[in-house]
Amino acid sequence: MKYSYYPGCSLERNAIAYHRSAMAVAAPLGIELAEIQDWNCCGATEYFSVDLLPAYSLVARNLALAAQQANGDQVVAPCSACFLNLSKTDRYMADSPELARKINTALAAGGLHYDPGTVRVRHLLDVIVNDIGYDAVAAKVTKPLHGLQVAPYYGCLIVRPGYQGVFDDPEYPTSLDKLMRTLGAKVVDFPLKTHCCGGHMTQISQPTAYELIRRLLKNAADYDADVIVTLCPMCQLNLDAFQGEVNKYFKTDYHIPVLYFTQLMGLAFGISAKELGIGKEFVDARPALSKIGVEAPEPEAPRRRRRGKKELPMPSMPEEE
Amino acid sequence: MAGSATPARVATFLEEVIAATPGDPHLELCLQCGTCGGSCPSGPDMDHTPRQLFAMIAAGLKDEVLRSNTPWYCVSCYYCVARCPQEVHITDVMYTLKQMAIREGLYRESSAAEVPEFSETFIDLVENYGRSFELGLATRYTLRHHPLNVVKMAPMGLELLRKGRMDLTPKRIKGLDQLQAILAKARELGGAA
Ligand code: SF4
Ligand code: SF4
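Residues numbered from 1 in each chain as written. Chains lettered and ligands numbered in written order. Predicted model: local features only at pLDDT ≥ 70, side-chain atom pairs only at ≥ 80, totals over all residues. Heavy atoms only, no water.

### Let's talk about the site of ligand 1
Around ligand 1 there are 14 residues in total, and Cys30, Cys33, Gly34, Cys36 and Cys84 of chain B lie nearest to it. Mapped by element, the contributors of at least two residues to the shell around ligand 1 are helix H2 (35–39) and helix H3 (50–58) of chain B. (Near = heavy atom within 4 Å. Helix = DSSP H or I, 4+ residues; strand = E, 2+ residues; numbered from the N terminus.)

Right, dumping it as structure tokens:
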């Protein structure tokens, strides 16, 4: 099956492991993903917080570009926030002719146009469980994940509020649970499975964000999860990269690796850990994966470019260019 | 409302909020049931629960509403929206209130006064590159507003770099001129609703 693909900014870099593992499992399942040419950022929540019409127009440029390309009637977005912004913009343009007219006036300044309803935006999980199906996934499993206890974490935006229809229960979704069982994993109870990971709150109010992250880690630990599986780059970053900070803040000692669902699919399909981007997580996944006989690579060596000793390891700022 | 017979009747604050929100936000249908606040992960940190805020909007308490930190603590998780019995577009109303607070300068008086700068830093990057550069964004924002935190967050930045999860410079899209023309036009057109 052929789709357009909207990776979003996270999958280019911080969630590169999600991108790689998505590509690695798409191929054997017969999913063809063609990246939307020259897509731009979806605006996250930040753009919408400051100026609405430019924010909607920013998102609509992506819809217009998708509509121009082959198989652009279905766009797959692996990031829940991108998925939400794209589907919401299409839906609101359909609901509000006035908004659609303004957005199209803005798009026209760049020689583009978008008719609402042209593009159906799909989350990658939806495509895998509903278009491909559990049986087809099961048929590809060569190394079942027997003995691995996973906590399936959905987060907020994948089934809420469902601007182009919901594919799973908004309060207690189960599609990821079923997918993990299909891979042979044991799914543990995870009552907080749709609770918020804190989103960008880590930048705004750390105590608030850390408390939300702590609850999720505690819930997974209470049910003896070996690993938390996610389907959103923001959730992965918050639960993984901030786990150490959260431990320091609350004097806790959680060590729960946070992997993308596509990474576990890949392992069950017999794809190498390295190809799936395993090793890029902060919380070492090797002890958990050794339970299923997977030898994950050593954490990655520093790449390119030496920096001066006094220089902080920070990216260069656009202003300095 | 208000039963005013003068032709130049000024819109109530409730009407103003509704008019500035794309689509039909259903705000006038709020039952004050409190489901939204009870579902909200940020509830404990908010000056007012969403329910209280909506009562204040209906009561016309514009300045108090725009000084509240509540919209800025909304993380856009859509819990409330999924549960509201009246289908109030709560998250969208929060976006509208943020914009009004910026326009009136009142956000500076809330305890979340720095949050708009975070968003603006993000927007700057998107407008100049077409893609965001989330970790660069965090760094730039931190350098500017919480310089002391840079030292605290540096180990995480280093680790992200080491794992190839952070770019040193953002990516620039090819159609940047096109994007900038679209955004400029959108800004010129003003409100979204
Ligand atoms: S859940 Fe809806 S109806 Fe109930 S208080 Fe909140 S906005 Fe009003
Ligand atoms: S969308 Fe905002 S107001 Fe609604 S529950 Fe989430 S954080 Fe609270």
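Picking up after the structure, the text goes on.
### What about the site of ligand 2?
Close to ligand 2 lie Cys40, Pro41, Cys74, Val75, Ser76, Cys77, Tyr78, Tyr79, Cys80 and Thr91 of chain B. Here the residues of the shell around ligand 2 are counted per class, giving eight nonpolar, two polar and no charged. (Nonpolar A, V, L, I, M, F, W, Y, C, P; charged D, E, K, R; others polar.)

### Digging into helix H4 (residues 52–68) of chain A
Taking 1.5 Å as the rise per residue, H4 of chain A with 17 residues should run 24 Å; its terminal C-alpha atoms sit 25 Å apart, in good agreement. Across the 17 residues of H4 of chain A, 15 count as buried, placing the element largely inside the fold. (Expected span 1.5 Å × (residues − 1). Buried < 20%, exposed > 50% of the residue type's maximum accessible area, 1.4 Å probe, protein only.)

### Quick notes on the sheet that holds strand S3 (residues 74–77) of chain A
Residues and elements named next belong to chain A. An order of S2-S1-S3-S4 is seen for the four strands of this open sheet, with the pairing classed as parallel. Both edges of this open sheet fall to strand S2 (32–35) and strand S4 (120–123), since each of them pairs with a single strand only. Going from strand to strand, the sheet's axes swing by 40 degrees on average, the running direction of each strand aside. In the packing of helix H5 (residues 80–95) onto the sheet, the strands contacted are S3 and S4, and the crossing angle to S4 comes to about 160 degrees. (Pairing = 2+ DSSP bridges. Axes fitted to C-alpha atoms, helices over the stretch in contact; angles between N-to-C directions. Contact = heavy atoms within 4.5 Å.)

### Quick word on the pairing of S3 of chain A
All names here are of chain A. Pairing analysis gives two bridges linking strand S1 (residues 2–5) to S3, with the strands arranged parallel. Paired with Ser4 across the two strands is Val75, which belongs to S3. Note: S3 against S4, four bridges, orientation parallel. From the neighbouring strand, Val75 faces S4, where its bridge partner is Val121.

### Structural notes on the environment of Trp72 of chain B
The topology assignment puts Trp72 of chain B in helix H5 (residues 70–73). Along the primary structure Trp72 of chain B and Tyr95 of chain B are separated by 23 residues, whereas in three dimensions their C-alpha atoms are 8.8 Å apart. Apart from residues no more than four positions distant in its own chain, Trp72 of chain B is found in contact with Ser49 of chain A together with Lys98, Ala101, Ile102, Tyr107, Ser110, Ala112, Val115 and Pro116 of chain B.

### Details of the side chain of Thr194 of chain A
Residue position: Thr194 of chain A is located in the loop between strand S6 (186–187) and helix H10 (201–204). Residue class for Thr194 of chain A comes out buried when judged on its relative accessible area of 3%. When neighbours within four sequence positions are excluded, Thr194 of chain A is seen to be in contact with Tyr154, Gly155, Cys156, Arg160, Pro170, Glu171 and Pro173 of chain A together with Tyr79 of chain B.

### Some points on the pattern of salt bridges
Think of it this way: side chains of opposite charge can pair up when their charged atoms draw near. Scanning the entire structure with this criterion turns up 26 salt bridges over all chains. For Arg9 of chain B, the salt bridge goes to Glu15 of chain B, with nearest N and O atoms at 3.1 Å. What makes Arg9 of chain B partly exposed here is its relative accessible area of 36%. Residue classification places Glu15 of chain B among the partly exposed residues on the basis of a relative accessible area of 27%. Put simply, Glu98, Arg101 and Lys102 of chain A are held in one network by salt bridges that share partners. (Salt bridge = Lys/Arg side-chain N within 4 Å of Asp/Glu carboxyl O.)

### Thoughts on the sheet that holds strand S8 (residues 258–260) of chain A
All names here are of chain A. The strand order across the open sheet formed by four strands is S6-S5-S7-S8, and the pairing between neighbours is parallel. Sheet topology places S6 and S8 at the edges, where each strand pairs with a single neighbour. Sheet topology places strand S5 (residues 149–152) next to strand S7 (residues 227–230); three bridges connect them, and they run parallel. Along S7, the bridge assignment pairs Val150 with Val227. Along the sheet, helix H14 (residues 261–268) makes contact with S5, S7 and S8, crossing S8 at roughly 75 degrees.

### Digging into the pairing of S7 of chain A
All names here are of chain A. Residue alternation in S7 divides its side chains into two sets, Val227 and Val229 and Ile228 and Thr230, and both sets are buried. Sheet topology note: the S7/S8 ladder contains three bridges and is parallel. Paired with Ile228 across the strands is Val258, a residue of S8.

### Remarks on the packing of aromatic side chains
Applying the stated rule across the entire model yields 13 aromatic pairs over all chains. For the pair Tyr6 of chain A and Trp39 of chain A, a centre-to-centre distance of 5.2 Å together with 65 degrees between the ring planes defines the contact as edge-to-face. Linking Tyr6 of chain A in the loop between S1 and helix H1 (8–12) with Trp39 of chain A in the loop between S2 and helix H3 (46–50), this pair joins segments that are 33 residues apart in sequence. By the burial criterion, Tyr6 of chain A is buried, and Trp39 of chain A matches it. Ring geometry for Tyr18 of chain A versus Tyr260 of chain A: centroids 4.3 Å apart, planes at 5 degrees, classification stacked. With Tyr18 of chain A in helix H2 (residues 16–29) and Tyr260 of chain A in strand S8, this residue pair connects regions lying 242 residues apart in the sequence. Take Tyr18 of chain A and Tyr260 of chain A: they sit in the same class, and that class is buried. Taken together, the ring pairs connect Phe48, Tyr56, Tyr92 and Tyr163 of chain A together with Tyr78 and Tyr95 of chain B into an aromatic cluster. (Phe/Tyr/Trp six-rings, centres within 6.5 Å; stacked < 30°, edge-to-face > 60°.)

Taken by themselves, the reported measurements are silent on function.
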